[in-house]
2 protein chains.
Amino acid sequence: MTKWVYRFGGGVSDGGKGDKNLLGGKGANLAEMASIGLPVPPGFTITTEMCTAFYDNGEQFPEELTSEVQSGLGHIEKITGKTFGASQQPLLVSVRSGARASMPGMMDTVLNLGLNDDTVEALARESGDERFAWDSYRRFIQMYSDVVLGLDHYVFEDALEIAKEDKGVALDTEMTADDWRALVAIFKAKVEEELGRPFPQDPQDQLWGGIRAVFASWQTERAKVYRRLNDIPASWGTAVNVQAMVFGNMGDTSATGVAFTRDPSTGNNAYYGEFLINAQGEDVVAGIRTPQYLTREAREAVKASKPSMEEAMPEVYAELAATFEKLEAHYADMQDIEFTVEQGKLWLLQTRNGKRTAKAALKIAVDMVADGLISEEEAVRRVEPQALDQLLHPTLDPDAKRDVLTVGLPASPGAASGVIAFTADEAERRAQLGDDVLLVRVETSPEDIHGMHAARGILTARGGMTSHAAVVARGMGRPCVSGAGALSIDRDSQTLTVAGRSFKEGDRLTIDGGTGEVMAGEVATVQPELSGDFAALMEWADKVRRMAVRTNAETPADCRAAREFGAEGIGLCRTEHMFFDADRITSVRQMILSDDEGGRREALAKLLPEQRSDFAEIFRIMAGLPVTIRLLDPPLHEFMPQRESDYDDVARASGTSVDRLKRRAAELHEFNPMLGHRGVRLGVTYPEIYEMQARAIFEAALDVQAESEAPLPEIMVPLVMGAPELLQIRTLIDRVAEQVFTERGEKIAYLVGTMIELPRAALRAGDIAEHADFFSFGTNDLTQTTLGISRDDAARFLGEYVDKGLLPKDPFVSLDETGVGELVEMAVERGRATRPDIKLGICGEHGGDPASVHFCEKAGLAYVSCSPYRVPIARLAAAQAALARQ
Amino acid sequence: MTKWVYRFGGGVSDGGKGDKNLLGGKGANLAEMASIGLPVPPGFTITTEMCTAFYDNGEQFPEELTSEVQSGLGHIEKITGKTFGASQQPLLVSVRSGARASMPGMMDTVLNLGLNDDTVEALARESGDERFAWDSYRRFIQMYSDVVLGLDHYVFEDALEIAKEDKGVALDTEMTADDWRALVAIFKAKVEEELGRPFPQDPQDQLWGGIRAVFASWQTERAKVYRRLNDIPASWGTAVNVQAMVFGNMGDTSATGVAFTRDPSTGNNAYYGEFLINAQGEDVVAGIRTPQYLTREAREAVKASKPSMEEAMPEVYAELAATFEKLEAHYADMQDIEFTVEQGKLWLLQTRNGKRTAKAALKIAVDMVADGLISEEEAVRRVEPQALDQLLHPTLDPDAKRDVLTVGLPASPGAASGVIAFTADEAERRAQLGDDVLLVRVETSPEDIHGMHAARGILTARGGMTSHAAVVARGMGRPCVSGAGALSIDRDSQTLTVAGRSFKEGDRLTIDGGTGEVMAGEVATVQPELSGDFAALMEWADKVRRMAVRTNAETPADCRAAREFGAEGIGLCRTEHMFFDADRITSVRQMILSDDEGGRREALAKLLPEQRSDFAEIFRIMAGLPVTIRLLDPPLHEFMPQRESDYDDVARASGTSVDRLKRRAAELHEFNPMLGHRGVRLGVTYPEIYEMQARAIFEAALDVQAESEAPLPEIMVPLVMGAPELLQIRTLIDRVAEQVFTERGEKIAYLVGTMIELPRAALRAGDIAEHADFFSFGTNDLTQTTLGISRDDAARFLGEYVDKGLLPKDPFVSLDETGVGELVEMAVERGRATRPDIKLGICGEHGGDPASVHFCEKAGLAYVSCSPYRVPIARLAAAQAALARQ
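Keep in mind it's a predicted model, so treat the numbers as computed, not measured.

Novice: In this structure, what is going on with helix H27 (residues 687-707) of chain B? I would like to understand it.
Specialist: At 3.6 residues per turn, the α-helix brings residues three or four places apart onto the same side. Its 21 residues give H27 of chain B an end-to-end C-alpha distance of 31 Å, which sits within 8% of 30 Å, the value for a rise of 1.5 Å per residue. Within H27 of chain B, 16 of the 21 residues are buried, which leaves it mostly tucked inside the rest of the structure.

Right under this line is the structure:
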């Protein structure tokens, strides 16, 4: 028979850390902590399999669960000596969710379960603290009514505000036992008024309601959105943890806190956390009271006045610190811990591998290798490649003028500029229109996830370093400034006021998540400086990766940046970008608008020396490395004159009339330029263009070869749909090469290949390979054509598609493996069948996406190529992909 | 050892009609005619394999060919008693090309070969006709210099004109023997002047030059173009026929002519042809002299004054008529024959299956079945489906006002209106811009092929019913009026003058190829009436075909037309076309421009009854047949208001402002609408649209079921890229069906399926089939995405692509089998693996293209669907495809 309930605590551990899939992360780690002798309140876990069975079974529990839960309760009663529902020594429990992957704030929790009009008296009596007992009861009613009974929590908050006003007090702590008792009566009346039935008094009813609510919360909209954003399958399910209550709010020898064994922001090897005296766990996370630091050092660093835990509770702190050491050694990773001190006794409520910034991940991994805790390969595995993005992108220029409005908490590093959006929906809307958005909220909640995802950065007026906004922003790699208390947000007038200045929706702000600064307008940025940790990790990654990493670049600055980031050549040099230069655009336009070859050749003659020097500069920077140059690709209309004066310039240069140019421009108009006269089709129609480009490449290569290391030019023909096109252009290129080599009396090695970026090219790869030394998968265009989606136009529906699961992911971010991927695999197979040594790579933007890099490794490509700033990400991802295949 | 030379004539036939691949059509049939005892001048054929060997071998002949050709010459010498190159009884030969498929005018011919300064004297002496001998010699120099030596033929024509002017005569017939002798001297001097060497006097040199020229002409540009247009592989090669000359220009008992055993235009079982007394073959075809009719009946029908052959040469005519009967019975097909009468003796120079109009093909095939000459299945095989197009398209409305300018020869049936283009290049250019073009030429030549192909119709001032223009136009199915002598075309001023009126390039004319009328402006057209022959052939076709044929139609008129043409249901009913109706477009615009669901629902409520009645009408017409209705597909911007007043209308209807509407319209703009927010993406974003359409379908179906035979609605979801989209929409449709069935208390059977029109859909067909009752291949869009070509923008390069062989055919006309076709086959296989009984069809325009229909048969589709006028074409093509697989 399936075992649904696993016990932990009091020397018993039915499970352990290996049982995460079955018990969820929280349940598995509670069992593990109990088994290594740490103080964990006893409890039991109902398995994730129960969640699946619950949904498969029309949201009903199987009969045998009842007895298993009763025996689980018996286990807790035995250890604690308390009895669930008894008038004396009543057992109170918490009911919490715990899925396989951490889903912060997404699942619901009920504390103090078991309290009723009867047991509250016992609790008052036995704790000797009537106020505590009634406060706990009113919290329980409030939480249970919200989470289990589905009542609006404002009902209770309003009642509490009224009670405080009536009494003329501001803080909860000023409320007495009698005040809470009176409020409980009001709360119970509210429940009966809203629901037409009284608040459940039977602890068994309470318990089953709680269990059901946890399972039910697995399928709420916000949970679904979170899962989709984080690639968590619905089939995993959640576990339910029922555990004896311990109280951090039983007076000044009680406390509750959260801690990281190292600094999750910087990775420094120092305890990092916050606690509140006389509080329950939710008080810390919710950001309602500003918490105190754990260590004296941390407190002193910010000159906070309230004592640290190290100072306020030295003995318990020492026990806690010892626990940190034990846990980190045991898990060989930085831990994120929840604890409660009940009347001087420490209890651990949770441990898990802590989320961290990229910088911290890097430092922790490298430090742990130095300490012999983990291997180099393990360090490579540990760092999320995507997270490096935070480190690699520009930060605010220290010399740029900053119009600082206020300073909040540096909750997630990185700088972001954007226009203000006051709601998640607005943030999403503006982002879809292409704006950089800053989501500005009093505080964030799980309902805001989609807006946080759409935003470049997050700014909140309330909440600490472990508030919802901070935790989620760090997880997403979004810069975040939290708790910027000087901000005043007026919902009605949609205005943000700070330092006497007002900002409306759509106004631009900048935040620095590394310092907490909030600035008006946009602030210039600079390149990040990379630490030695970064270099060390990259070196280890390079040792294990199989695929080369190149870059997509065409400006000297980008080429240099990419080499510094470790690029091993250029995978895509887009020649059309060189044509937009102000000096050249008139010649380019003259070329396009000529209606005969003579006119085009005249313009091309002017462009030849320019292209030659472009290529020569790139070859110098990439000396000795392969440089893949794509021949002219985009629809010519992109170069079309925009203004009247542009037409004048071209008319003058080409000795023709503006009218005639305009007629020609109108002729060149296309309905779907993406599918129009571009790529190799230009080379077929106007071979003189490719002739000029090929000549420029060969002449430049010979020039550079004469002065330094020879480059390896790889000439790439775009948008090929079959072998005959490539053969025609290849013949042209080879002919030009022969001409140049004869003229110059010297030669250089070169390759000719093609992009595979149309479905037909993938299908015909076998024929195409006859004439191609290499294939480079242009997965941007291949995605557009395979899925029939124009990237420029997709914003209006693509977000909804991903949210609704109609597409697994944004296919422009992460390669659509089951569609586009199959075409790539097919082309690899067919290309190799014709030419076993064909060079295979990818130059779509997917080359910098870790999941796509894994795909490329599986597909057996020789290299990936991506934008300069993503080169380190690709190096690390390629290393992880290679490790995953070992 | 390979045998390169095959003899025929004089009782010897090394080959026969089965050897077309080896000997070419002309050579095989010459051998065949000789073997059945018909009078064929003796000769030999050099095989097509020699052509291939010649090109494989760097355009060199193998040594052994020399002796084989010599022995071939020996064969002719033996039969004729003449000697090649001898000063007495010199043998003269013709050298002609002859490929496997007829390529009219594409290959070059040399007559009178063997003449030189010496043999011409012998010819004069022995024929007793000095004038004839010198005329032949000058013709030979002229033709040989043009074809073999590559001299411009104007050189000789100018010299001839000068000679005639000097002498003050207008016609060649007025030239004397001495005149021709003098001209020969001038011609020879011209050759030496142009080439720096004398005209070759050695007949062996002449012969080898001629043979080489024929083989060389296989690879001229115009031959390549013709092959591409007609799908003839270059590997077939041409044969060379060397044959004893016979002369139709040896006085008034000599003649030359071409004939068809039945009328190639109407199919009437009456000899049809033309001849010229005292002329060589080229004179008939070139259209320089206007020829005489063969039969008295034909002459009398047009009241021509010159006697028919039947009247002028009754004995030879009788022999010829007997030959016609013999040949037609022997080949069981209508024959196209070339003959020469030399001093009263009939010689046959060629026979082949005659090209014919669709009408003639139909009548001949049906007549031959009636006569027991061929089987019904053979009749089905005989008629080119594509040719039916001529019969099915509208002809000129007999009641329309016609501004008749002149009447020429009715050279190829059908009516065409178009703007005048005076050159083939201009015709092509204008056609690419989307104009209907009429190519207007003095006469056409093989260099004009591309312009004839691009034109809707062809009009020439000179040339008979068998002129180049006429033959090629009939082959291409283009209407043609030839020999309209009243036309005067001034090249310099680019003006056509006729009946005292002038027309410029770009002015519009209409021609009626059935009557020869040439009209100013555009003339209204009417539906064709179909003959009993058509019905008979269609009935035979329907007996053998496996695939059903449906139509793409949405207007009642089209639906009715399609049923009359035999459509067995609707394969594609495009609902968006119904939205363009003037009454509805405002509601449609209101729907699009709403920024909320409420506004959209309001507009949809107005559209529901309209759509319901649209569908009801179609269901009534298609009672008992399947009707596939595609839910809204196109990018919404197609419906966008165009004029200011449109905005006003919508603003009034929806109670909003024009400004707001314009803002929304700007938001909806797309860069690549083909790849934009369309198809099922609309249904996902605005489910209320598909809800309305599904409701309209079910309500209409129930209404029609109540009054007559129930329709079978097949609801088709467009642009699906994966299973989840289809599942979502299918769920919506099934829910609406349930609602409507409950409301009405009755049910109707229906199917839900999807278009496969994106490469990803083909790849994911296995998953998609889980939710699809049917797949319909939308090969228009599938071609656009697989090849990355926007059909709207392709004109600028696609023609060149097909001409240069970069694509095998226009992929929008004939399915790209090796690209798109592979995706179709993949989807068929994967769809069937999931759902073995899935219904499979095609609704792209390829459904009416015979080659594509063959592909569909091979792929195992259940039906093809095409535009109403192509339904009979598809029926016939499907029958032929089924026969081809037997």
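Next comes the rest of the account.
Novice: Hey, could you run me through the pairing of strand E10 (residues 272-277) of chain B in this one?
Specialist: On a regular strand, one side chain projects to one face of the sheet and the next to the other, so that they alternate. All names here are of chain B. Taken across its 6 residues, E10 has 5 buried, putting it largely inside the fold. Pairing of strand E9 (residues 255-260) with E10 involves 6 bridges; the strand directions are antiparallel. The residue of E10 that forms the bridge with Phe-260 is Tyr-272. Two elements, E10 and strand E11 (residues 292-293), share 2 bridges in a ladder whose sense is antiparallel. Across the sheet, residue Glu-274 finds its bridge partner in E11, namely Tyr-293.

Novice: For this particular structure, what's the right way to read helix H4 (residues 119-127) of chain A?
Specialist: All names here are of chain A. Considered for burial, the residues of H4 that qualify are Thr-119, Val-120, Ala-122, Leu-123, Ala-124 and Ser-127. Next to the buried residues of H4 lie strand E5 (90-91) and helix H5 (130-147). Following H4 by one or two positions, Gly-128 has its phi on the positive side, about 70 degrees.

Novice: Honestly, the interface of chain A and chain B in this entry has me stumped. Any pointers?
Specialist: Accessible area lost during the coming together of the parts is what is often quoted as the interface size. With 49 residues of chain A at the interface, the matching set in chain B holds 49 residues. Overall, the association of chain A and chain B removes approximately 4,500 Å² of surface from exposure, summing both partners, and the carbon and sulfur fraction of that is 55%. Sorting the residues of chain A by area buried against chain B places Leu-675, Arg-760 and Arg-796 of chain A first, and these three jointly supply 16% of that buried surface. One salt bridge in this structure joins Glu-822 of chain B and Arg-830 of chain A, with 2.4 Å as the shortest N-O distance. Remark: the boundary between chain A and chain B carries 24 residue pairs in polar contact (both at pLDDT 80 or more).

Novice: Hey, could you run me through the packing of helix H5 (residues 130-147) of chain B against helix H6 (residues 154-167) of chain B in this one?
Specialist: Describing two packed helices takes the angle between their axes plus the distance from one axis to the other. Residue and element names in this part refer to chain B. Packing of H5 against H6 brings their axes to within 9 Å, and their N-to-C directions diverge by 150 degrees. Between H5 and H6, the angle falls in the class roughly antiparallel. Of the residues in H6, those in contact with Arg-138, Ile-141, Gln-142 and Ser-145 of H5 are Phe-156, Glu-157 and Leu-160. A class-by-class count of the residues in the contact of H5 with H6 yields 3 nonpolar, 2 polar and 2 charged.

Novice: I tried to follow the packing of aromatic side chains on my own but got confused; where do I start?
Specialist: Geometrically, a pair of aromatic rings is defined through the distance of the ring centres and the angle of the planes. Residue and element names in this part refer to chain A. Using the criterion set out here, one finds 37 aromatic pairs over all chains in the structure. An angle of 25 degrees between the planes, with centres 4.9 Å apart, marks the rings of Phe-54 and Phe-61 as stacked. Under the relative-accessibility criterion, Phe-61 is labelled buried at 18%. Between Phe-140 and Phe-199 the ring centres are 5.6 Å apart and the planes differ by 90 degrees, which places this aromatic pair in the edge-to-face class. With Phe-140 in helix H5 and Phe-199 in the loop between helix H7 (177-195) and helix H8 (203-217), this pair connects stretches of sequence that are 59 residues apart. There is no split in this pair, since Phe-140 and Phe-199 are both buried. Aromatic rings pair up to connect Phe-54, Tyr-55, Phe-61, Trp-208 and Phe-215 into one cluster. Against the face of Tyr-647 rests Lys-662, its NZ or CZ located 5.4 Å from the ring centre.

Novice: Could you clarify how one ought to interpret the pairing of strand E24 (residues 508-512) of chain A in this entry?
Specialist: Residues and elements named next belong to chain A. Most of E24 is tucked away: 4 of the 5 residues are buried. In this structure, strand E17 (residues 415-421) lies alongside E24, joined through 5 bridges in antiparallel fashion. Bridging from a neighbouring strand, Ala-416 pairs with Ile-511 of E24. Both E24 and strand E25 (residues 517-520) contribute to a ladder of 4 bridges, which runs antiparallel. Bridged to Asp-512 within E25 is Glu-517. Counting the residues that bridge the hairpin from E24 to E25 gives 4 residues, and of these Gly-516 lies at a positive phi of roughly 90 degrees.

Novice: Honestly, a negative patch on the surface in this entry has me stumped. Any pointers?
Specialist: A surface patch of like charges, here negative, comprises Asp-146, Asp-152, Glu-157, Asp-158, Glu-193 and Glu-194 of chain A. Asp-158 of chain A sits in the partly exposed class, given a relative accessible area of 45%.

Novice: Looking at this model, I keep getting lost on the pattern of salt bridges. Mind explaining?
Specialist: Between side chains of opposite charge, a pair can form when the charged atoms approach closely. All names here are of chain A. For the coordinates displayed, the defined rule picks out 134 salt bridges over all chains. One salt bridge in this structure joins Asp-135 and Arg-139, with 3.5 Å as the shortest N-O distance. One end of the pair is Asp-135 and the other is Arg-139, both in helix H5 and 4 residues apart, which spans about a single turn. For Asp-135, a relative accessible area of 6% translates into the label buried.

Novice: Even after reading the chapter, I still don't get the sheet that holds E9 of chain B, so can you show me in this structure?
Specialist: Residues and elements named next belong to chain B. Across the sheet, which stays open at both edges, the 5 strands sit in the order E11-E10-E9-E12-E13 with antiparallel pairing between neighbours. The outermost strands of the open sheet, each flanked by one partner alone, are E11 and strand E13 (345-353). Lying on the sheet, helix H13 (residues 314-331) is in contact with E9, strand E12 (335-342) and E13; it crosses E13 at an angle near 30 degrees.

Novice: Help me understand the packing of helix H3 (residues 64-80) of chain B against helix H8 (residues 203-217) of chain B in this model?
Specialist: All names here are of chain B. In the contact formed by H3 and H8, the axes pass within 13 Å of each other and the chain directions differ by 110 degrees. The angle between H3 and H8 places the two elements in the roughly perpendicular class. Between H3 and H8 lies a crossing of right-handed hand. In this structure, H3 contributes Leu-65, Thr-66, Val-69, Gln-70 and Leu-73 to the contact, and H8 contributes Gln-204, Leu-207, Trp-208 and Ile-211. Here the residues of the contact of H3 with H8 are counted per class, giving 6 nonpolar, 3 polar and no charged.

Novice: How do you make sense of the relation of the copies chain A and chain B when you look at a structure like this?
Specialist: Here two copies of a chain appear, and what relates them is a rotation about an axis with a shift along it. Overlay of chain A on chain B (RMSD 0.2 Å): rotation 180 degrees, translation along the axis 0.0 Å. In symmetry terms, the pair is related by a two-fold rotation axis. Interface overlap between copies is the fraction of interface residues in one copy that are interface residues in the other; for chain A against chain B it reaches 100%, indicating a shared surface.

Novice: Can you walk me through the environment of Thr-340 of chain A in this structure?
Specialist: All names here are of chain A. Inspection of the secondary structure puts Thr-340 in strand E12 (residues 335-342). Separated by 285 residues in the primary sequence, Thr-340 and Leu-625 have C-alpha atoms spaced 59 Å apart. Setting aside chain neighbours within four positions, we find Thr-340 in contact with Val-246, Phe-247, Gly-248, Ala-255, Thr-256, Lys-345, Leu-346, Trp-347 and Leu-349. A distance of 3.3 Å separates the side chain of Thr-340 from the side chain of Thr-256, its partner in a polar contact.

Cut-offs used in this document
- Residues numbered from 1 in each chain as written.
- Chains lettered and ligands numbered in written order.
- Predicted model: local features only at pLDDT ≥ 70, side-chain atom pairs only at ≥ 80, totals over all residues.
- Heavy atoms only, no water.
- Helix = DSSP H or I, 4+ residues; strand = E, 2+ residues; numbered from the N terminus.
- Expected span 1.5 Å × (residues − 1).
- Buried < 20%, exposed > 50% of the residue type's maximum accessible area, 1.4 Å probe, protein only.
- Pairing = 2+ DSSP bridges.
- Contact = heavy atoms within 4.5 Å.
- Buried area = accessible area lost by both parts, 1.4 Å probe.
- Salt bridge = Lys/Arg side-chain N within 4 Å of Asp/Glu carboxyl O.
- Polar contact = N/O pair within 3.5 Å; in protein donor to acceptor, adjacent residues only side chain to side chain.
- Axes fitted to C-alpha atoms, helices over the stretch in contact; angles between N-to-C directions.
- Parallel < 35°, antiparallel > 145°, perpendicular 65-115°, else oblique.
- Nonpolar A, V, L, I, M, F, W, Y, C, P; charged D, E, K, R; others polar.
- Phe/Tyr/Trp six-rings, centres within 6.5 Å; stacked < 30°, edge-to-face > 60°.
- Lys NZ or Arg CZ within 6 Å of the ring centre and 35° of its normal.
- Patch = residues over 30% accessible without salt bridge, like charges linked within 9 Å, V, L, I, M, F, W, Y side chains within 5 Å.
- Areas by Shrake-Rupley, 256 points an atom, 1.4 Å probe, with all protein chains shown as cover.
- Lys, Arg positive; Asp, Glu negative; His and termini not counted.
- Charge placed at Lys NZ, Arg CZ, Asp CG, Glu CD.
- Left-handed = near helix turned anticlockwise from the far one by under 90°.
- Least-squares fit on C-alpha atoms with pLDDT ≥ 70 in both.

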